[in-house]
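Each chain is listed here by its residues.
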Amino acid sequence: MVKKSLATLLFLFFVLPLDAQSYLLKNVSIWTEAGTLQGGCFLLVKDGFIDSLGPMKALPKGTFDGEYDLKDHFLYPALIDSYNTGFQPSTARKGAEGSEEAPGPDKNTRLPLEERGFTPRKSLTETLLLKNEDLSKALSRGFTLVHVVPREGIVGGRTLLLSPISKNPKVNTVSEGPFQVLRLEPNSSRYPTTISGILAQIREIKEELLYRHARKDLPPTLSGRRFPYDPELEAFRPLLFGDERFLLVTNNMVQQRLAEHIGKECPLPPVLLLSPDFWRRPLPASPLILPLLFKPPLTSRYSLEGEEKKREAEERLYPEKFSLLFKERADIILAPPDSGDYDGLLKNLRALLKRGVQEKRLLDSLTINPARLFKVQDRYGTLERGKVADLIVTDRPLLEEKSRVTITFVEGRPFEFPKVEKGDETPKVDPSGNWSVKAQGSLGSFSFTMVLQLEKGNLTGQLFYQGKRFDITEGSVSGDRVSFSARGTLLGDQIMELTFQGRMADKRIEGTLSLDEGEESLSLVANPETLGGEM
């Protein structure tokens, strides 16, 4: 394989302009549109596009900038993350003031529309915050297109479809404004209103736009029985009169029902982002984005009736409902269970595969289906001549256990992810058990617990902090050295990465815990509650 360090690649990737290059991938098994792997093939990348592909007997001759002999490897179209909120700053947005006042028909009792969250925000390219580690994480899991959705506001702004070719979103934007986001949050603390109130406000905007469209000669300061003229509200006209589409974000069955009513007000069917409870109502024919989450909402009876019912729902009921949906519809679009949780997504995909869902439908939900939704299917989503060379190479079939992305191509540029080598020493300690942990850093000290389990040198387990859970995604014990990486959700839907390196001695673990790719490091001391001990 081509030998380049990851640091060098990232430097070239984010800093230096690269000339067009050609790469030959040979002796590889290629994923076909028919949903099968065809062995003994080649694919030629040239000038950022797929130049040709086929069986090895048709291998092109010539000189290339790089050649990859990919025997026993597998080639797929790169994946698309259809719903990501984690690349943005998490700034709080105030809701309507006077929240105790019930909304009524009199406009004088309400705040202006823009103060109730109905003024579209600035272009997301002006507020988006990208970090190298976010983009690197997406690439290392095979995702080269990311649909970024604003988090806040009833009407939060337009979405962006990004390709991680630069830290500057104005450079890497594949498509700006595929959808206007409408978050359905009735009866919430930020937007205290009722379902009927939201519907009334949508109709109110529509009526106001019709009135203003007919009276464009009104001066901006003229007021009467209607609001003063506000040019910004004209941004809603394409949405409510058929030129653009809403992305309706729902979190439960009640909001899903509301989305169905709002959809009737829009000439173009809105795109629905649904909750795991989607199956409790008949699904509309509209395009659907489904976070692949096997977890009932907090307000669901499965969550309220105790841990046993909740566990049953997570392990049997919700996977079963997703499986049935895939067997009925071929146009489903999947998203990670939490923003940026690509490992959780792949884990749940494998669970559906074991339940009999066709592998083709699962992979289509992350490739060609979202490409069609975002209207980029002529450039992305499949391995075809002339399409953008966004590709991923894996060491096993993608949905097989322990499959790993080894190379990701973004617009024809390769990024290698070599396997992390674990220590070659036989474990001399066994940290299995429950631990009480104290961590000290520049922000002060805090305590948490962790549960570890060692099996054949591989360390698994969880960390628990103030009711939040972090799952160990990779861990090992070599000699007396203990190391692991963990990920979980701490604030809202913000994913946090933790990395620990340390040693175990005298029934005690000491080391360094790094947060979010080294942004903060803490000294850590763990004392046992119960443990395995010396080996």
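Here, every reference points to the structure presented above.
Keep in mind it's a predicted model, so treat the numbers as computed, not measured.

Visitor: I would appreciate a short explanation of the nonpolar core in the present structure.
Guide: Across soluble globular proteins, nonpolar side chains show a tendency to be buried alongside one another. The biggest cluster of nonpolar side chains holds 47 residues, and the ones touching the most others in it are Leu290, Leu292, Leu334, Leu349 and Leu352. With 6 residues, helix 8 (residues 307-328) is the single largest residue contributor to this core. Look past the residues within four positions of leucine 334 in its chain and what remains in contact with it is Ser82, Leu290, Leu292, Phe326, Leu349, Ser365 and Leu366. Counting residues in hydrophobic clusters, the runner-up holds 24 residues, among them Val482, Phe484, Phe500 and Ile509.

Visitor: I'm lost on the pairing of strand 20 (residues 468-478) in this one. Help?
Guide: On any regular strand, side chains alternate: one points to one face of the sheet, the next to the other face. Looking at chain direction, strand 19 (residues 458-465) and strand 20 are connected through 5 bridges and run antiparallel. Pairing of asparagine 458 across the sheet is with serine 476, part of strand 20. Hairpin remark: strand 19 followed by strand 20, antiparallel, with 2 residues in the connecting loop; positive phi at glutamine 466, about 50°.

Visitor: It is not clear to me how the pattern of salt bridges should be interpreted in this structure. Could you clarify?
Guide: When charged atoms on two side chains of opposite charge get close, those side chains can pair. Under the definition given, this model contains 16 salt bridges. Its salt-bridge partner being glutamate 384, residue lysine 387 comes within 3.1 Å of it at the nearest N-O pair. Judged by relative accessible area, which is 6%, lysine 387 ranks as buried. For arginine 508, the salt bridge is made with glutamate 510, and the minimal N-O distance between the two is 2.6 Å. Overall, the relative accessible area of 41% leaves glutamate 510 in the partly exposed class. Within the structure, one salt-bridge network assembled from shared partners comprises Glu312, Arg316 and Glu320.

Visitor: Sorry, what's going on with the environment of proline 296 here?
Guide: Mapping proline 296 onto the fold places it in the loop between strand 12 (288-291) and helix 7 (301-304). Spatially, the C-alpha atoms of proline 296 and serine 275 are 8.7 Å apart, while their sequence positions differ by 21 residues. Not counting chain neighbours up to four residues away, the residues in contact with proline 296 comprise Tyr302, Ser303, Lys310, Ala313, Glu314 and Tyr318.

Definitions and cut-offs
Residues numbered from 1 in each chain as written. Predicted model: local features only at pLDDT ≥ 70, side-chain atom pairs only at ≥ 80, totals over all residues. Heavy atoms only, no water. Core = buried A, V, L, I, M, F, W, Y, C linked by side-chain atoms within 4.5 Å. Buried < 20%, exposed > 50% of the residue type's maximum accessible area, 1.4 Å probe, protein only. Helix = DSSP H or I, 4+ residues; strand = E, 2+ residues; numbered from the N terminus. Contact = heavy atoms within 4.5 Å. Pairing = 2+ DSSP bridges. Salt bridge = Lys/Arg side-chain N within 4 Å of Asp/Glu carboxyl O.

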